[in-house]
Amino acid sequence: MWAGYIALANEQAAANKGKPVGFINPRIYPLGLGKTYHTLFHDITKGNNGYPATKGYDLASGWGSPNGDGLINALTQK
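Throughout what follows, the structure given in this document is the object of discussion. The model shown is predicted, which means the values in this text are computed figures rather than measured ones.

Topic: the side chain of Asp58
By the secondary structure assignment, Asp58 is in the loop between strand S1 (41–42) and strand S2 (65–66). Engagement of the side chain of Asp58 in a polar contact is seen with the backbone nitrogen of Thr54, the distance being 2.9 Å.

Side note on the packing of helix H2 (residues 25–33) against helix H4 (residues 68–76)
Describing two packed helices takes the angle between their axes plus the distance from one axis to the other. Remark: H2 packs on H4, axes separated minimally by 11 Å, with the N-to-C direction vectors making an angle of 125°. Looking at the two axes, H2 sits oblique to H4. Judged by the sense of rotation from one axis to the other, the crossing of H2 with H4 is right-handed. When H2 is examined against H4, the residues Arg27, Ile28 and Leu31 are found in contact with a partner set consisting of Leu71, Ala74, Leu75 and Thr76. Residues of the contact of H2 with H4, tallied by class, amount to five nonpolar, one polar and one charged.

Here's the deal with the packing of aromatic side chains
Under the criterion given, the structure shown has seven aromatic pairs. Ring pairing ties together the aromatic residues Tyr29, Tyr37, Phe41, Tyr57 and Trp63, which thus form one cluster.

Things to note about H2
For H2, the set of buried residues is Ile28, Leu31 and Gly32. Here the buried residues of H2 occupy an arc of 95° about the axis, which is enough to place them on one side. Counted as exposed and oriented over 90 degrees from the buried face of H2: Pro26 and Leu33. In this structure, the buried side of H2 is in contact with helix H1 (2–15), helix H3 (37–40), S1 and H4.

How each quantity is defined
Residues numbered from 1 in each chain as written. Predicted model: local features only at pLDDT ≥ 70, side-chain atom pairs only at ≥ 80, totals over all residues. Heavy atoms only, no water. Helix = DSSP H or I, 4+ residues; strand = E, 2+ residues; numbered from the N terminus. Polar contact = N/O pair within 3.5 Å; in protein donor to acceptor, adjacent residues only side chain to side chain. Axes fitted to C-alpha atoms, helices over the stretch in contact; angles between N-to-C directions. Parallel < 35°, antiparallel > 145°, perpendicular 65-115°, else oblique. Left-handed = near helix turned anticlockwise from the far one by under 90°. Contact = heavy atoms within 4.5 Å. Nonpolar A, V, L, I, M, F, W, Y, C, P; charged D, E, K, R; others polar. Phe/Tyr/Trp six-rings, centres within 6.5 Å; stacked < 30°, edge-to-face > 60°. Buried < 20%, exposed > 50% of the residue type's maximum accessible area, 1.4 Å probe, protein only. Arc of directions from axis to C-beta.

In structure tokens form, the structure reads like this:
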């Protein structure tokens, strides 16, 4: 799933004459901690995989699932 989102972000960046997004970890963490979190991710707060899901970042789901357009737009901003 993430490879698909990165491919879409790279395609959008190329269409806007931008650079590929590359390694996203340094960009994802500030986005996940920012005020626009809910426009970038769907927070998963219920369930577990041996670790409980909680609000925000957790070991069960990480930041949650990507919110397509919001996250792609944030990753391709200059």
